[in-house]
Amino acid sequence: MASTVAMLAVALLVASAMSSGGGRALAQPLVPAVISFGDSTIDVGNNNYLPRAVFKADYPPYGQSYARHQATGRFSDGKIVTDITAETLGFESYAPPYLSPQASGKNLLIGANFASAASSYHDDTAAMYDAITLTQQLKYYKEYQSKLAAVAGRAKARSILSDALYVVSTGTGDFLQNYYHNTSLSRRYNVDQYCDLLVGIFSNFANELYKLGARRIGVTSMPPLGCLPASIRLYGEGRDACVARLNRDAETFNVKLNATVKALKKQHADLKIAILDIYTPLRKLAEAPAEQGFADVRGTCCRTGTAKTRVYLCNPTTAGTCRNASSYVFFDGVHPSEAANAFMAESMVEAGIELVT
């Protein structure tokens, strides 16, 4: 990890030197914009603007470690991985949620965030929870392109869009919120076939982004599904340990995703695309949390609900959280704390260094 941080530091210094016109050097981000698609792992508040959305993080204790201790719609106590990655790349602010009033004017120059909690690769999953489907996120992106051109001019907009970093982070809900309790779906597809379906959707999505000008795409791996507190609670059969079957499903998906990314590289010679690994760091934390300075990997910092969707999220009717969120790997039933997000962001940046150099 140290070598990655050093490489980025050198790159930022070079960018600073190149941007200085003989006067004081002004650091420039390694990419002009960050454009995000996906689910609650990188939703920065879009679901706040969806009246019927089932999953929201617009209430305490979400955001208790964030600026002004306010809930912004991020599913954590503080920053999420894309926030930390943006800072590492040299940004001083974050791309706004696309549905917010802030997604306008000059704010569009640094990117946009289309992610929506409970969205997934499969549009049917997102529709079940009134989230923004991946198909709709792509439509919003096309709309964003037009808005960006109006602000920056067509030539500058094309340059921003081709050099931007595109992040795709989704898929957990396809299993936890759909496949594992949808008997008609699990009868139609075994796990191997279902993974083929999902990575096929990603492949089509990446190809569409490429056609629209994207040339730097990072896609997160599936996390160790069986190590999420909600998964252990729902599928652990009373055992206080990761659910091996669910982790195997995640590994099956990741193998297929890796093959798909390799195929996309061969298909498009000028496309930089990489898997941003979150499986490995989260698995490390699940197996040896103390080695990374964490005290609790099975519990959650906030008190989660007991039924249906509330088993995943902080319970808004139950007061109280842990004293120190940074000692917990998970803030709620499925989402990491800011401290764990920082640990994962290091791994993501290391895996994606080829995208920004």
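The structure we're discussing is the one just above.
Now for a description of the structure that goes with this document. (Residues numbered from 1 in each chain as written. Predicted model: local features only at pLDDT ≥ 70, side-chain atom pairs only at ≥ 80, totals over all residues. Heavy atoms only, no water.)

**Notes on the packing of aromatic side chains**
Any pair of aromatic rings gets described here by the distance separating the centres and the angle formed by the planes.
So, point 1. Considering all chains together, one arrives at 23 aromatic pairs under this definition.
So, point 2. Aromatic side chains Phe 175 and Tyr 179 sit 6.1 Å apart centroid to centroid with 70° between the ring planes, which places their arrangement in the edge-to-face category. As far as burial versus exposure is concerned, Phe 175 and Tyr 179 are alike and both buried.
So, point 3. Geometrically, the ring pair formed by Tyr 179 and Tyr 180 is edge-to-face, given 6.1 Å between the ring centres and 65° between the ring planes.
So, point 4. Grouping aromatic residues by their ring pairs yields a cluster made of Phe 37, Tyr 98, Phe 114, Tyr 140, Tyr 141, Tyr 144, Tyr 166 and Phe 205.
So, point 5. In this structure, Arg 215 is placed above the aromatic ring of Tyr 210, and the distance from its NZ or CZ to the ring centre is 3.7 Å.
So, point 6. The lysine or arginine in question, Arg 245, covers the ring of Tyr 180, its NZ or CZ lying 5.6 Å from the ring centre. (Phe/Tyr/Trp six-rings, centres within 6.5 Å; stacked < 30°, edge-to-face > 60°. Buried < 20%, exposed > 50% of the residue type's maximum accessible area, 1.4 Å probe, protein only. Lys NZ or Arg CZ within 6 Å of the ring centre and 35° of its normal.)

**Focus on the state of the cysteines**
So, point 1. As enumerated under the stated definition, the model contains 3 disulfides in all.
So, point 2. Between the sulfur atoms of Cys 227 and its disulfide mate Cys 242 the distance is 2.1 Å. Taking the torsion about the S-S bond as the criterion, the Cys 227 to Cys 242 disulfide, at about 115°, is right-handed. A residue pair is termed long-range when its members are at least 10 positions apart, and Cys 227 in the loop between β4 (216-220) and α9 (229-235) and Cys 242 in the loop between α9 and α10 (244-267) qualify at 15 residues.
So, point 3. The buried category is assigned to Cys 227, whose relative accessible area is 1%.
So, point 4. For Cys 242, a relative accessible area of 24% corresponds to the partly exposed category.
So, point 5. Each disulfide pairs two cysteine sulfurs, and for Cys 302 the partner residue is Cys 314, the sulfurs being separated by 2.0 Å. (Disulfide = S-S within 2.5 Å. Helix = DSSP H or I, 4+ residues; strand = E, 2+ residues; numbered from the N terminus.)

**Examining the side chain of Asn 315**
So, point 1. Tracing the backbone through its elements, the reader meets Asn 315 in the loop between α11 (279-287) and α12 (338-352).
So, point 2. Among the polar contacts listed, one links the side chain of Asn 315 to the side chain of Thr 317, at a separation of 2.7 Å.
So, point 3. Non-local contacts of Asn 315, meaning those with residues more than four positions away in its chain, are made with Arg 303, Thr 304 and Gly 305. (Polar contact = N/O pair within 3.5 Å; in protein donor to acceptor, adjacent residues only side chain to side chain. Contact = heavy atoms within 4.5 Å.)

**Brief notes about the sheet that holds strand β5 (residues 272-276)**
So, point 1. Strand order across the open sheet formed by 5 strands is β2-β1-β3-β4-β5, with parallel pairing between neighbours. The open sheet has two edge strands, β2 (111-113) and β5, and neither has a second partner. For this sheet, the mean angle separating the axes of adjacent strands, direction not counted, is 20°.
So, point 2. Two elements, strand β1 (residues 34-38) and strand β3 (residues 165-169), share 5 bridges in a ladder whose sense is parallel. Bridging across to β3, Val 34 finds its partner in Leu 165.
So, point 3. Across the sheet, helix α8 (residues 191-211) lies against β1, β3, β4 and β5, angled at about 160° from β3, the strand it touches most. (Pairing = 2+ DSSP bridges. Axes fitted to C-alpha atoms, helices over the stretch in contact; angles between N-to-C directions.)

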